[in-house]
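Summary of the model geometry
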Amino acid sequence: MNPNELQTPELAEVEVHGTSRGAFILRGALAAGALYGLGSVAPFVSGALAKSAGGDIDILNFALTLEYLEAAFYKEGQQQVKLSSDVKNLAQLIQGHEDEHVAALTKAIKGAGGKPVAAPAVSFPFSDESGFLKLAQTFEDTGVSAYNGAAPAIKSVDVLASAGAIVQVEARHAAAIRLQTGESPAPDAFDKSLEKDAVLKAVQPFIKS
Amino acid sequence: MTPEIHDPTSETEAPPTGALSRLAADPVSRKRFLTMAGGGGAAAFLAACGSGGSSSTTSTTATMPASAANDVSQFGKGDVGIVNYALTLEYLETAFYQDVVNSGLFKGSSLATIKQFGEEEAEHVQALTAAVKKLGGTPAPQPKAKFPLKDANSVLKLAATVENLGAAAYLGQAGAIQSPEILASALAIHTVEGRHAAALNTLLGESPTPDGAFAKPAEAATVLKAVKPFIVG
């Protein structure tokens, strides 16, 4: 089979028959609704999420802090230093994604009955494109490790699916940035996972409190 | 490196605590929660993430029976089936990169990148094989594969297709994995597949993130159908 022929029909297949996130989550909701009655499920689950210490809401808020940090970083990068057109386009693309992650996580936290954390005040030490890219690489690699470290503790299968959809995009950002810095886009066969404390320690220098 | 499947989690800086260790000690807790899925947080995430343009497919796929969502049972029960499914894909990717390296179509830094990606897929094969054994299952056999290798550009396109599909395949299984340890390992591989895909897309002059801010999952049936033309005998 010609690979050019392969690409289109198979990707169309993903669109039509694949588990879209929406369908996946809706199926979960319908299954749960059949078991418990739709009206009873939502308050039960959101209550369980809100009350469990170190539960999904904490993880979502942890992710939200990182996404706020990344979004602010890319915004500042575009405003503060002169970037080549390739890097500028990439920074713009990634900032848009991080903004979408912030919005999605905020909604999820509210929907689960939690309180979204506020955007942290931030400060980033870079003065040129090279410094910007170096820091971008650190943020994206750390972001991947943070999600991968937190994900196994996620209780809700739907929150997990969404975290997975986000972390793959963070990994794609990391690879794209690494191509700009001239480093291997995938330096290891397995991405490391980091515990929350280690991640917070890594990003602490950029948060002004 | 001789990867054990639990390596990624063992590389964390602190021992697992709290919810993670409770989950590890209680492998059925995720399964239990799965039956309760669909609550407030999930509904909000549906609303928040659904803006990516996939909502139009909801009415088609939501009516499918739940069993059709997971076609990996042919590879074994539960996590064994999922890991063997992943192993089959990794075998194909490894064979593909090996054939590409041998084809002589690439030189210099492109060849180095292809070699590295291939070596990483081979590490995934080793890790997943060990995981199946650890779960008490029999590792899936290496499929016999053949790939069309005409010219550098079409090979790169095929590589990108395979990697994007591979990343989507892992994402499609994440929620079905019962063991937190297997989940951690699958995620550690999943993001590497995403990195490969993004790098290949970039080399082809395409977006590193074709799905936008939220990567889309692919069902096993879709993935297996896509790779079927490359499996011979």
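Residues numbered from 1 in each chain as written. Chains lettered and ligands numbered in written order. Predicted model: local features only at pLDDT ≥ 70, side-chain atom pairs only at ≥ 80, totals over all residues.

Let us look at the overall build of chain B. The helix and strand tally for chain B stands at ten helices and zero strands. Taken from the N to the C terminus, the helices and strands of chain B come in the order α-α-α-α-α-α-α-α-α-α. Scored against the burial criterion, the 233 residues of chain B give a buried share of 56%. Residue pairs at least 24 apart in sequence account for 77% of intrachain contacts in chain B once pairs closer than 6 positions are excluded. (Helix = DSSP H or I, 4+ residues; strand = E, 2+ residues; numbered from the N terminus. Buried ≥ 20, exposed ≤ 12 C-beta atoms within 10 Å, placed from the backbone. Contact = placed C-beta atoms within 7 Å.)

Now for the overall build of chain A. In terms of helices and strands, chain A carries eight helices and two strands. Ordered by position from N to C terminus, the α and β elements of chain A give α-α-α-α-α-β-α-α-α-β. The buried share among the 209 residues of chain A stands at 55%. For chain A, restricting intrachain contacts to residue pairs at least 6 apart in sequence, the fraction spanning at least 24 positions comes to 78%.

A separate point is the packing of helix 6 (residues 129-150) of chain A against helix 8 (residues 196-203) of chain A. Residues and elements named next belong to chain A. Where helix 6 meets helix 8, the closest approach of the two axes is 9 Å, and the angle between their N-to-C directions is 160 degrees. If you check the angle between helix 6 and helix 8, you find them roughly antiparallel. The chirality of how helix 6 crosses helix 8 is left-handed. On helix 8, the residues touching T142, A146 and A150 of helix 6 are K196, V199, A202 and V203. Counted by class, the contact of helix 6 with helix 8 contains five nonpolar, one polar and one charged residues. (Axes fitted to C-alpha atoms, helices over the stretch in contact; angles between N-to-C directions. Parallel < 35°, antiparallel > 145°, perpendicular 65-115°, else oblique. Left-handed = near helix turned anticlockwise from the far one by under 90°. Nonpolar A, V, L, I, M, F, W, Y, C, P; charged D, E, K, R; others polar.)

Take the nonpolar core next. Within the largest apolar cluster, 112 residues are counted, with the highest numbers of intra-cluster contacts made by L60(A), Y147(A), V83(B), A86(B), A174(B) and A186(B). Per element, the largest residue contribution to this core is 14 residues, and it comes from helix 7 (residues 157-181) of chain A. Beyond its immediate sequence surroundings of up to four residues, A86(B) is in contact with L128(B), Y170(B) and A186(B). (Core = buried A, V, L, I, M, F, W, Y, C linked by C-beta atoms within 7 Å.)

Let's shift gears to the packing of helix 8 (residues 152-173) of chain B against helix 9 (residues 180-203) of chain B. Residues and elements named next belong to chain B. The interhelical angle for the contact between helix 8 and helix 9, taken along N-to-C directions, is 150 degrees, at an axis separation of 8 Å. In terms of orientation, helix 8 and helix 9 fall into the roughly antiparallel class. The handedness of the crossing between helix 8 and helix 9 comes out as left-handed. Residues L156, A159, A160, E163, N164, G166, A167, Y170, L171 and Q173 of helix 8 pack against A186, I189, H190, E193, G194, H196, A197, L200, N201 and L203 of helix 9. Among the residues making up the contact of helix 8 with helix 9, the classes are represented as eleven nonpolar, seven polar and two charged.

For the rest of this paragraph, the subject is the environment of E121(B). Residues and elements named next belong to chain B. As for its position among the elements, E121 is in helix 7 (residues 108-134). Taking the number of C-beta atoms within 10 Å as the measure of exposure, E121 has 27 and is therefore buried. Residues E121 and I189 lie 68 residues apart in sequence; the distance between their C-alpha atoms is 9.1 Å. With residues up to four places along the chain from it excluded, the contact list for E121 reads E90, E93, T94 and Y97.

Right, let's talk about the confidence of the model for chain B for a bit. Residues and elements named next belong to chain B. Mean pLDDT for chain B: 78, with 70% of residues reaching 70 or above. Note that residues 1-44 has pLDDT below 50 and, in this model, 111 contacts with residues that lie over four places away or in other chains. Below pLDDT 50 for its whole length, residues 50-69 participates in 34 contacts with residues either more than four positions away or in separate chains. Across the interfaces of the predicted complex, the ipTM metric reaches 0.75, alongside a pTM of 0.75. (pLDDT = per-residue confidence, 0-100.)

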